Structures are given as structure tokens and as C-alpha cells.
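The residues making up each chain are set out below.
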Amino acid sequence: MRVANLLPDIQYQMQQSQQALATATQQLATGLRVNQLSDDPAASANMVRSLAYSANVDQYTSNVSSVLPQMQTADSAISSIVTSLNSAITLGTEGANGTESSANRIEIANQVQSILSSVIAQANSSFQGVYVFGGSDSTTPPFVPASTTYTSSQGSIASPLAATTALTAGSVTTISDAATGETMTYQAAAGDTIATLQSAIASAVSAGTLSAGTSATISANGQLSIGTNSATAGIVVSSNDAVLGTMTADSGTEVANAYAYVGSSGVNTVQVGDSMNVATNLPGNQLLTSGPNVIGSLTSLITALQTGSAAQIGAATTAVFSGSTYVGQQRVPLDNTISQLNSQESYLGQEKITLTTQQTALVGINMADAATNLSQAQLDNSTVLAAAAKIMPQTLLQYLQ
Amino acid sequence: MGSLGSSLSIAVQSLNAASGSLQATNNNIANANTPGYTRQVPILEELAPVNEGNFSAGSGVDLKGYQSVRDQLLQTQIQQETQAQSGANAQLASLQQIQPTFTTSTQDIGTEMSALFSSISSLSTNPTSSTSRQAVLTAGQNLATAFNTASNTLTSQQSGLNTQVSQDVTQINQLTQQIAALNPQIAELTSSGQDGGTLQDQQNQLVLQLSALTSVSVTQGTDGEELSTGNGMPLVVGSQSFSLQTTTGSDGMTHVLDQNGTDITSSLTGGDLGGTIQTRDTTIPGLLGQLDTLANQFGAAMNAAQAMGYDQNGNAGQNIFTIPATVAGSAASIKMAISDPTLIAASSDGTAGSNGNLANLSAVQTTALPAGQTPGNAYASLVFQVGSLTSNANAESTATTASLAQLNTQLSSVSGVSIDEESANLITYQQAYEAAARVVSTIQELFTVTMSMGTAAAE
């Protein structure tokens, strides 16, 4: 073949080798084989999926770190409650001894009373502002002192509430009973009146949710009054109905040693793995009131020690014992979850390392390979340049001179 | 027997032939680096012999003219390859600008989407935390912005390509005018049996430039080269050129019309114009359509999940994203519908502390959208397509460049000027000239001898 001009070919070769040199330099400088999507479209798409999964793993790890201390707080609180209940059982057994004087029993009752306070304090434990036994309603203390009567802020002599007064549809009124350990939740439907609420309360009494005698009446002042009609049965009432206004405990009606659960029974779950969700809280009612009413049994023990017979004290102590056993059982699933979270944390740490390795394999380049590629590209480039330098000045004219 | 006079005549023709050949060599050397120049060779022909008696004697050489050494087939292949190369380069240039928007490292849709789901998951550990709620809003806003940015990048590329279309059409019109102007001049030369020479080189070079802009087919007509677009619409016939026009269509895009006002945009292929139109009217709308579908369906899925729960005030969850009723334009206009952190519907039962509905919001990440893929996978597919389109354009550009280099080498081996060869020719013609000149001086001496023949005898 006739070769007229070597220059275009040499220029093309130089461009090719310089391009290879640029690629090799970039790969070595960034440590990446894929610097833009077009370098490897399939690897880039896989990288998108891998990064999304990686972000999830990071978040799961962060979730474990967030909920673990909260659950450890709950676990430690339950442990303290069991210890307190065991002390109460010891005291109750002591009080049930027929030889104890009533003065001694009053003294024992005082000790049990402080145990009750301690149990309530543990049940109201919080971690960074979250009440661990408040159910999904975790921003306020779940166990509050109960009173016999609550009165609405709305209603007056001039403009009294009446049985026919319509309630706001969708509004919620709750009555938590310390003695039964249960809560009545009433949501007003369209067309409901105070009379509807009254009959709902009557039904709750029949069902045993609320203590016998609990009712809602319109007071002489024209306000709604919800009470137990008993000096020893305590309730806590709340309502978000603007027609009723805030429900407030009547002054001086607080029942000694009576506490009602006002938290929710909702359980929040948090995702800590692709298919792993853990319950992050144990609602206080499940732990202490709606099974055996542990709080109620302590209150009964105090009352029995103060005023009851040895047999009554014995029965009350037995109730506390059942409560203690039950609470101890509740701790088992919690401990299991804590243990699961600990192993999940190690697993996620390992998974993160695996993902990072995968990602490096997807888009990264082995440094030794990159360095070798660069040396090769450098060699190719200098060879092309050397060849050009050798060939280009050579012409026939040179020899003719 | 030949006379001294006829010998002298042969010598003069030799001088002319040698100097004419030197002229060709000189011109070749002068244009060695001129793009599109085709080397010329002198056409030397021996003159008819003179019969004198019973023998015939050669009567010298004649320089008939110059011939450009062409290969029309290679020329045509180079034009076609140039069309392919320019088309690929036009697509590559646009895609390389689009590509960084879909990068996998920072602030792209995938990263922001992950960040949103992470913030939702984080909120589930403390659903009443206003900081965590605000983080979800911020992440949602960042994702909406990422969608907006990606959409804007694509649409601004489209607008930029409109300008490119207009510029290409202007250049095509200039080139067809110049090509048409050369046709009569070349026809005049060829009709007299001469080679088109330099004018043909110029025309070939202009056709090559035109090929870089759009696909043209070249046929040899009676009045010179006839050019037409890929779909047969004439661009040059004889000395006449037909201008293309541009107009803005109802879709806001620049359309190309032929001289009759017919819209030929979709039939233009190859070259920078073809590649630009392909990117503007097929590639970008395809990507934009997928982006819009993803934004629309993702927004709708998040809104549906939000509607299943209750906000921190116990009210039913309202839309988290504002998306248009139609899919088109969703990526450009998606935005946050709420700015109050308490409006995130974390609760499944209306209580402020419940996180039950966050699971529904999180589930959007792993649930297939109506288009058939999860949001993450839909985005990964989009990333793959952008990468693949760019990679293909790059591969085509590289392949056509290599092929073009090869074809140019081939053409150069036929038509290119070799300095070495011309140097040798220079010596050859120089020697031929010197020899002819020596013949002239020898004959001159012989004339002198002849003239002085009588005188010498007299002495």
C-alpha cells in the first residue's frame, strides 16, 4: 500500500494512548473503576440499590442504638418493681402474723405505702423524655393519683350543661379506674349527647370496666360531674371535647394510695432489620393493672394492714404475690428482645462491612491493578511518542542535502 | 531522416513537459497539508510518430493536462462514516451533561430517597420528637428538589438542543449554496474533457462538512453533483440549492421544514442535526417520561400511606407531596404539601405517641409502584438507562472515529501527497528538464557547426 503521510495515523495513536493514560490516572487517583455511569451502567444501577440498602442498614443500626437504652431502662425498672413487690410480700406475710399489734401493722402499712410510691416511680420511668411504660402515649407520666370526682370546666348556673347537650362528634372522653385497673374510652359519634355518655358509663360499670357506683351527673353549678360515689374508689377523667372543657379533679377528693393508668395500650414497633420489627415498649396497663392489678393489690394490702384482719392481710399478700409472679413473667419477652437487639447490632455491623466490600467490588479498582494499568499506559504513551519522534523528521529531502 | 529543426521542436516540448510536471509536483508539495486536497499527476503522452520514407520517427512528448487521483467509493464511505460519527458525538455531548445528575454519590434522587426513608425510620424510634419530624420534612423537601433538578437538567438540555438545530440548519443552507455554486464551474471543466481538480476538491470538502451535519445522498447528475437529504428531499440540483427552514412548533421545539414548508424533522437522520434531533425528541423525552412516572407514582404512594394514619394532632393524614393530576411534568413540579412537622401522619390510632403508620410510609420503599418496580429499583433502572445510552453513544463515537481514521488512511494512500514521492519526482523532472535543455544547447551547437560549415571550408 502506498503510504502518503504517516502523521494522521501517528496523531490517532497518540490520542488513543493519551486517552488510556488519562483513564488510568483517574482510576488510580479516585480508586474507582466506575467514575461515571457510562463506565459500567449495570454496576452503576447495582450501586444505586446497594447504597439504598446500605442506608437502610445504617438506619437499622441507629434504630437499635435508640431503642436499646429505652428497653434497658424498662427492663431495669421491672427488675426494681419485682424487688419492691417481694419486699411488700415479706412485709405482708409479717403483717398477716396474728401476733402483730395494730400499731405494728400501721407501721408495716407505712412501709408498704413507700413501696407503692417506689413502684409508681419505677412505673413512671422515662428515658430521654419518653415514659417507657406509657404505651404509645409516652410524653406524660402514665400512672397518676386518682380522685373520686372530676368536674368539667364548661357549664355554669346561667348556662348549665344538660343531658340533652350535644357532644362534639369525634371527641374522646376517657375514664381510668384505679380499682379495676381498666380504662373506658368513649368517642362521641354525631348526634351523641351527654345522655349518651351517661349510658356509656352505665354500660362500662355493668361490664366491670369501671367500679360500681361510677356515674356522670349534672352538678348544681350546671357542670358535668363524673364520680365514683365512693371515698375509696379513685378515677382519672380526661376529655378533649370543647363542649365539656377540661375535666379537673375536685379539690380534696384524691384517694390515698390509688393510682390509675392514663397511658395508652398501644405498642410501637421499630424496624431494625429488613424483616425484623421489635416492640419497643410495654404498656404500663399490661404490666401492672390489666392483668393482675398489681397497683390495686398493693393498695388493698395497705388498706388491709391499716384496718383489716390477719386473714384479709394474708389474702392481700397472696394477691401481691400473684402480681409479682406475673410482672416477673412480663420481663421475659423484654429480655429476649434486648438480647435480639444486641445480636442484631453485631449482625448489622457485619452486614455493613459486607456491603462496603461489595460496593468496592462493584465500582472500585484494586490499587495494584490501577498502578499496573498506569505504568502500562505510560509505557504505551512513551512508545508512541518515541516512534513519532523517530519517524516524523525523516524525509527524502534530508538525505538529499 | 529528422531535421535539426524537428529535433529542436521535440526538445522544446520536452522542456514544456518537464516544467509542466514540475508545476504539478510544486502544487502537490504546496498543498501537502491542505485538507481535502487530492494529489495531481501530469498526463504525459507521446506524440504521433512522423513517417519519413520507410521509417517512422518519434515526435516527442505532450503534456495533456493534470489528473487528480481520486477514489469516489472511499470518498462516499468517508461521508457516511462522518455522518455516523457526528451523530454519535452529538448524542454523547448531551448525555455527558445529563449523566452527572444521575450520579450515585451525592444529592441525586436515589440518595435523597434513601435519606427520606431513613428519616422516617428514625422518627419511628421517637414519634413525638419535633426534631425527627422536621428531619422527615427536610428529607422530603430534598427529594422533591432532586426530582426538580433532574427534570430541569433534562428540559434545559432539550432547549439547548433547539439552538443547536437552528445553527445546524443555517450551516447546512450555507454549505448547499456553496456546493451549488461550484457545480457549473466544474461542469464547464469536465465538459471540455478536463479534470475538476481543485474545484472538485473544494466541493468534496464541502460535501464532507455537510455530511457532518446531516445525512445526504450524493448522485452525479448532468449538471454536477446532486444532493438530497436521507428521505430524498433535494438540497442541490445543478446550480440551484434548496434552503431548509426552521420554525417553533406547538410543542415549543424547533422544527425543520423543507422548501415547500413540509415538516421533515422526524425524517432527518445522521450527522450533528440527526443526532441532536434524536436526543431531543426521543432520548430525553423517554428519560423524562420515566422520571415523571416515578415522581408521580412515588408522590401518590406516599400520600396514600400518609392518608392511612393520623397526624400529631389526631387528624387524618393529609397529602405529604403535591403532585400534578397528569403524569407529565410531575418531576418538575413535585413539592412538599406540608411544612408543619406535626402534620406527618405517624400515628395509626390517633394518639400522638403512636408510630404505627410510619410502617406504611416505610413500606413504600419496598412496595412496587403501579409501573411495576419499587421506587429504588425504578430509579436504578433509570440510572442504568442513562449510563447505557451514554456508553453506547461513546462506543459508537469511538468505533466511527477508528473507522474514519482507517478510511482516511486509505484515501490518503490513494489521493494524499507524499513528500518523499514528490521529492523524487522533483529530481526526476529536474533531470528531465536539464536533459532537454542539454538537447537544445547541443542542437544549437550543431546549428552553429552547420552554419559555419562553408566558412570553415573556405578558410
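Parameters and conventions
- Residues numbered from 1 in each chain as written.
- Chains lettered and ligands numbered in written order.
- Predicted model: local features only at pLDDT ≥ 70, side-chain atom pairs only at ≥ 80, totals over all residues.
- Heavy atoms only, no water.
- Helix = DSSP H or I, 4+ residues; strand = E, 2+ residues; numbered from the N terminus.
- Rg over C-alpha atoms; globule rule 2.2 N^0.38 Å.
- Buried < 20%, exposed > 50% of the residue type's maximum accessible area, 1.4 Å probe, protein only.
- Contact = heavy atoms within 4.5 Å.
- Areas by Shrake-Rupley, 256 points an atom, 1.4 Å probe, with all protein chains shown as cover.
- Lys, Arg positive; Asp, Glu negative; His and termini not counted.
- Charge placed at Lys NZ, Arg CZ, Asp CG, Glu CD.
- Expected span 1.5 Å × (residues − 1).
- Polar contact = N/O pair within 3.5 Å; in protein donor to acceptor, adjacent residues only side chain to side chain.
- Salt bridge = Lys/Arg side-chain N within 4 Å of Asp/Glu carboxyl O.
- Phe/Tyr/Trp six-rings, centres within 6.5 Å; stacked < 30°, edge-to-face > 60°.
- Pairing = 2+ DSSP bridges.
- Axes fitted to C-alpha atoms, helices over the stretch in contact; angles between N-to-C directions.
- 1 Å grid on protein atoms, 1.4 Å probe; cavity = no way out; pocket = protein on both sides within 12 Å on 5 of 7 lines; lining within 4 Å.
- Points joined across faces, edges and corners; volume = space filled by probe spheres on them.
- Nonpolar A, V, L, I, M, F, W, Y, C, P; charged D, E, K, R; others polar.
- Parallel < 35°, antiparallel > 145°, perpendicular 65-115°, else oblique.
- Left-handed = near helix turned anticlockwise from the far one by under 90°.
- Core = buried A, V, L, I, M, F, W, Y, C linked by side-chain atoms within 4.5 Å.
- Buried area = accessible area lost by both parts, 1.4 Å probe.

Draft legend 1. Spatial organisation of the overall build of chain A. When you go through chain A residue by residue, the secondary structure sums to nine helices and 13 strands. The C-alpha radius of gyration of chain A comes to 38 Å, more than 25% above the 21 Å expected for a compact globule of 401 residues. Overall, the C-alpha framework of chain A stretches about 135 × 60 × 30 Å when taken along its three principal axes. Relative to its 401 residues, chain A shows a buried fraction of 45%. A fraction of 71% describes how many contacts in chain A between residues 6 or more apart in sequence connect residues 24 or more apart. When the accessible surface of chain A is totalled, it reaches about 18200 Å², and 54% of it is carbon and sulfur. Put simply, chain A has 7 plus and 21 minus side-chain charges, and the middle of one group is 27 Å from the middle of the other.

Draft legend 2. Quick peek at helix 2 (residues 72–98) of chain B. Between its first and last C-alpha, helix 2 of chain B extends 40 Å over 27 residues, near the 39 Å set by a 1.5 Å rise per residue. Capping of helix 2 of chain B at its N-terminal end is provided by Asp71 of chain B; its side-chain oxygen lies 3.1 Å from the backbone amide nitrogen of Leu73 of chain B.

Draft legend 3. Quick look at the pattern of salt bridges. Residues and elements named next belong to chain A. Enumeration according to the criterion identifies nine salt bridges over all chains in this entry. The shortest N-O distance in the salt bridge between Lys352 and Asp58 comes to 3.3 Å. In this pair, Lys352 is assigned in helix 7 (residues 310–363) and Asp58 in helix 2 (residues 41–96), connecting sequence segments 294 residues apart. Taking the shortest distance from any N to any O, the salt bridge between Arg331 and Asp335 comes out at 3.6 Å.

Draft legend 4. Main features of the packing of aromatic side chains. Under the criterion given, the structure shown has four aromatic pairs over all chains. Measuring from centroid to centroid gives 5.2 Å for Phe143 of chain A and Tyr261 of chain A, while their planes differ by 55 degrees, and the two rings are tilted. On the criterion of sequence distance, the pair formed by Phe143 of chain A in strand 3 (residues 143–147) and Tyr261 of chain A in strand 11 (residues 254–261) is long-range, its members being 118 residues apart. Grouping residues by exposure puts Phe143 of chain A and Tyr261 of chain A together as buried. Taken together, Phe117, Phe298 and Phe321 of chain B form an aromatic cluster joined through their ring pairs.

Draft legend 5. Seen up close, helix 8 (residues 367–391) of chain A. Residue and element names in this part refer to chain A. The terminal C-alpha atoms of helix 8, which comprises 25 residues, lie 36 Å apart, in line with the 36 Å expected from a rise of 1.5 Å per residue. Among all positions in helix 8, only Ala370, Leu374, Ala377, Asn381, Val384 and Ala388 are buried. Structurally, helix 8 contributes buried residues whose contacts are with helix 1 (7–30). At the N-terminal boundary of helix 8, the capping side chain belongs to Asn366, with an oxygen 2.8 Å from the backbone nitrogen of Ala368.

Draft legend 6. Main features of the sheet that holds strand 8 (residues 224–227) of chain A. Residues and elements named next belong to chain A. Reading across the sheet, the four strands line up as 7-8-4-10 and stay open at both edges, with antiparallel pairing between neighbours. Across the chains shown, the open sheet's two edge strands, defined by having one partner strand only, are strand 7 (215–218) and strand 10 (247–249). Across the sheet, the mean angle from the axis of one strand to that of its neighbour is 25 degrees, orientation sign disregarded. Pairing geometry for strand 7 and strand 8, over four bridges, is antiparallel. Along strand 8, the bridge assignment pairs Ala216 with Ile226. Packed on one face of the sheet, helix 4 (residues 194–207) meets strand 7 and strand 8 and runs near 150 degrees to strand 7.

Draft legend 7. Inspection of empty space enclosed by the protein at higher detail. With the rule as written, the count across this model stands at two cavities of 30 Å³ or more. Considering only enclosed or pocket space, the largest cavity measures out at about 80 Å³ in volume. Across the lining of the largest cavity, the residue classes tally to two nonpolar, 10 polar and no charged. If you trace the second largest cavity, you find it lined by Met1, Arg2, Val3, Ala4 and Asn5 of chain A together with Thr409, Ser412 and Ser413 of chain B. Here the residues of the lining of the second largest cavity are counted per class, giving three nonpolar, four polar and one charged.

Draft legend 8. Layout of the side chain of Asn124 of chain A. Mapping Asn124 of chain A onto the fold places it in the loop between helix 3 (102–123) and strand 1 (126–127). In this view, Asn124 of chain A contacts Tyr131, Pro141, Pro142 and Phe143 of chain A; residues no more than four positions away in its chain are not counted.

Draft legend 9. Local environment of the packing of helix 2 of chain B against helix 9 (residues 375–415) of chain B. Residue and element names in this part refer to chain B. At a minimum axis distance of 8 Å, the contact between helix 2 and helix 9 shows a crossing angle of 155 degrees. By the angle between their axes, helix 2 is roughly antiparallel relative to helix 9. Two packed elements cross with a definite hand, and for helix 2 against helix 9 that hand is left-handed. Here the residues of the contact of helix 2 with helix 9 are counted per class, giving 14 nonpolar, 15 polar and two charged.

Draft legend 10. Spotlight on the layout of surface pockets. Considered as a void within the structure, the largest pocket measures approximately 1200 Å³ in volume. Looking at the largest pocket, it is lined by 37 residues, and the ones nearest its centre are Asp137, Val172, Thr174 and Thr185 of chain A together with Thr351 of chain B. Counting residues per element, the ones that place at least two in the lining of the largest pocket are strand 5 (172–177), strand 6 (183–187) and strand 9 (235–239) of chain A. Looking at which element gives the most residues to the lining of the largest pocket, the answer is strand 9 of chain A, with four residues. Taken together, the residues of the lining of the largest pocket sort by class into 10 nonpolar, 24 polar and three charged. Of the pockets and cavities examined, the second largest pocket occupies roughly 850 Å³.

Draft legend 11. Just the nonpolar core, in detail. Formed by 52 residues in total, the largest nonpolar core has its most connected members in Phe102, Phe147, Met302 and Phe321 of chain B. Elements represented by at least two residues in this core include exactly helix 2 of chain A together with helix 2, helix 3 (109–124), helix 4 (130–191), helix 6 (271–307), helix 8 (358–363) and helix 9 of chain B. The leading source of residues in this core is helix 4 of chain B, at 10 residues. Here Met302 of chain B is in contact with Leu116, Phe117, Ile120, Ile320, Phe321, Leu361 and Val364 of chain B, once residues within four sequence places are set aside. Core analysis: the next-biggest nonpolar cluster, separate from the first, contains 51 residues, Val64, Val82, Leu116 and Ile295 of chain A among them.

Draft legend 12. Inspection of the sheet that holds strand 8 (residues 240–241) of chain B at higher detail. All names here are of chain B. Read across the sheet, four strands follow the order 5-6-7-8 without closing on themselves; strand pairing throughout is antiparallel. In the strand order of this sheet, the two ends are held by strand 5 (216–221) and strand 8, each with one partner. Bridge count for strand 6 (residues 224–229) against strand 7 (residues 234–237) is two bridges, and the pairing is antiparallel. Residue pairing for strand 7: Leu227 is matched across the bridge by Val236.

Draft legend 13. Structural view of the pairing of strand 11 of chain A. All names here are of chain A. The buried count for strand 11 comes to six of eight residues, which makes it a mostly enclosed element. Pairing analysis gives four bridges linking strand 3 to strand 11, with the strands arranged antiparallel. Note that in strand 11 the partner of Val144 across the bridge is Ala260.

Draft legend 14. Structural view of the interface of chain B and chain A. With 50 residues of chain B in contact, the opposing surface of chain A contributes 37 residues. Roughly 3400 Å² is buried in total at the junction of chain B and chain A, and carbon and sulfur atoms are behind 56% of that figure. Between the two partners, chain B and chain A, sit one salt bridge. The closest approach of N and O atoms between Glu421 of chain B and Arg2 of chain A, which form a salt bridge, is 2.9 Å. Summed over the shared surface of chain B and chain A, the result is 15 residue pairs in polar contact (both at pLDDT 80 or more). Counting only elements with at least two residues in the side of chain B that touches chain A, the list comes to helix 3, helix 9 and helix 10 (419–451) of chain B. Sort the elements by how many residues they give to the side of chain B that touches chain A and helix 9 of chain B lands first, with 19 residues. Tallied by class, the residues present in the side of chain B that touches chain A amount to 14 nonpolar, 32 polar and four charged.

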